[in-house]
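Below, each chain spelled out in residue letters.
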Amino acid sequence: EGSADFEMKSLVHAGVPIITRTLHPLVYVYSAVACAEGFRMRVQFTSSDGGQQNTPYQDCRSGLSMNFILAGLRPETEYSVRHTIDTGSDFQQGPVIKLMTSAADRDFLARTVLQSWPASVEDGMLLQASSASNPLATDLNGNVVWYYRDPIDFKHQGPFMLTRPDSGGYLWGIIENVEGDQSQQFVREYDLTGRTVLETNAARVGEQLVAMGKRPIGAFHHEA
């Protein structure tokens, strides 16, 4: 066993909010200075055609900067981003920051929308998660606003299935490795950049089932 020391530094400099890119071209981090205990903050981002979205509120913690994941953004689109602090008696607005999103780093199949929706519809999204392609999300007009970025080797790895979204910007998925044993059959929780944050495998779950007097499993599938 061993240990290592890490020093975490705030992304905020000189008291000015900042937007930081992630490894995913459509996912960003908004960071703002600390706000007072008992207050709460959220971030609003509005596209150039008037589409508006808000992050959930976060409780302020004294002495700690505030960080929000911005997702659900269209490629190559300009957004106006600002935070709002709810003091309980009024709302304090942060400065407006302009964000031009990057281009998607892969091509997608063409989509036909039979009935368009106004850009002002808030939080209208479709999450598409078939077992034959990388999961992606679109708005109600068919514009891609998120996708699972890492390549998937369907021939050797077997199906990757996104099973359901979770609160806080997390997603659950399962992998069946047709050439591997139980230790290569995974259930994982991802963040929106595609980074694994939790994981277990069928071998480990099988050990716990046997300890409970039950039969082990061989893999995870749809019902997981």
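Residues numbered from 1 in each chain as written. Predicted model: local features only at pLDDT ≥ 70, side-chain atom pairs only at ≥ 80, totals over all residues. Heavy atoms only, no water.

K.L.:
Could you give an account of the environment of Phe186, naming the residues involved and the relevant values?
P.N.:
Looking at the secondary structure, you find Phe186 in strand E15 (residues 186-191). The exposure class assigned to Phe186 is buried, which follows from its relative accessible area of 12%. Sequence-wise, Phe186 and Ala202 are 16 residues apart; in three dimensions their C-alpha atoms are separated by 6.5 Å. In contact with Phe186, not counting residues within four places along its chain, are Gly173, Ile174, Ile175, Glu199, Thr200, Asn201 and Phe220. (Helix = DSSP H or I, 4+ residues; strand = E, 2+ residues; numbered from the N terminus. Buried < 20%, exposed > 50% of the residue type's maximum accessible area, 1.4 Å probe, protein only. Contact = heavy atoms within 4.5 Å.)

K.L.:
Help me get a handle on the pattern of salt bridges, residues and values and all.
P.N.:
Overall, the coordinates contain seven salt bridges when judged by the stated rule. Put simply, Arg149 and Asp105 hold a salt bridge, and the shortest N to O gap is 2.6 Å. Residue Arg149 is found in the loop between strand E12 (144-147) and strand E13 (160-166), and its partner Asp105 is found in the loop between strand E9 (97-100) and strand E10 (125-128); the two are separated by 44 residues along the sequence. For Arg149, a relative accessible area of 28% puts it in the partly exposed group. Overall, the relative accessible area of 37% leaves Asp105 in the partly exposed class. Residue Arg204 pairs with Glu207 through a salt bridge whose shortest N-O separation is 2.9 Å. Of the two residues, Arg204 and Glu207 are both situated in helix H1 (residues 202-211); the distance of three residues between them amounts to about one turn of the helix. In this structure Arg204 comes out as partly exposed when scored by relative accessible area, which is 43%. (Salt bridge = Lys/Arg side-chain N within 4 Å of Asp/Glu carboxyl O.)

K.L.:
Residues and numbers for the sheet that holds strand E6 (residues 66-70), please.
P.N.:
On the basis of which strands lie adjacent, the open sheet formed by three strands has the order E1-E2-E6 and antiparallel pairing. Bordering the open sheet on either side are strand E1 (18-21) and E6, each of which pairs with just one other strand. Strand after strand, the sheet turns through a mean of 25 degrees between neighbouring axes, direction not considered. As paired strands, E1 and strand E2 (residues 28-32) are joined by four bridges and run antiparallel to one another. What sits directly across from Ile18, in E2, is Ser31. (Pairing = 2+ DSSP bridges. Axes fitted to C-alpha atoms, helices over the stretch in contact; angles between N-to-C directions.)

K.L.:
Got a sec to walk through H1? Specific residues and values, please.
P.N.:
For H1, the set of buried residues is Ala202, Gly206 and Leu209. End-on, the buried residues of H1 take up no more than an arc of 60 degrees, which puts them together on one face. The elements touched by buried residues of H1 are strand E16 (196-201). A distance of 3.0 Å separates the backbone nitrogen of Ala203 from a side-chain oxygen at the start of H1, and that oxygen is part of Asn201. Looking one or two residues beyond H1, the residue adopting positive phi is Gly213, at roughly 80 degrees. (Arc of directions from axis to C-beta. Polar contact = N/O pair within 3.5 Å; in protein donor to acceptor, adjacent residues only side chain to side chain.)

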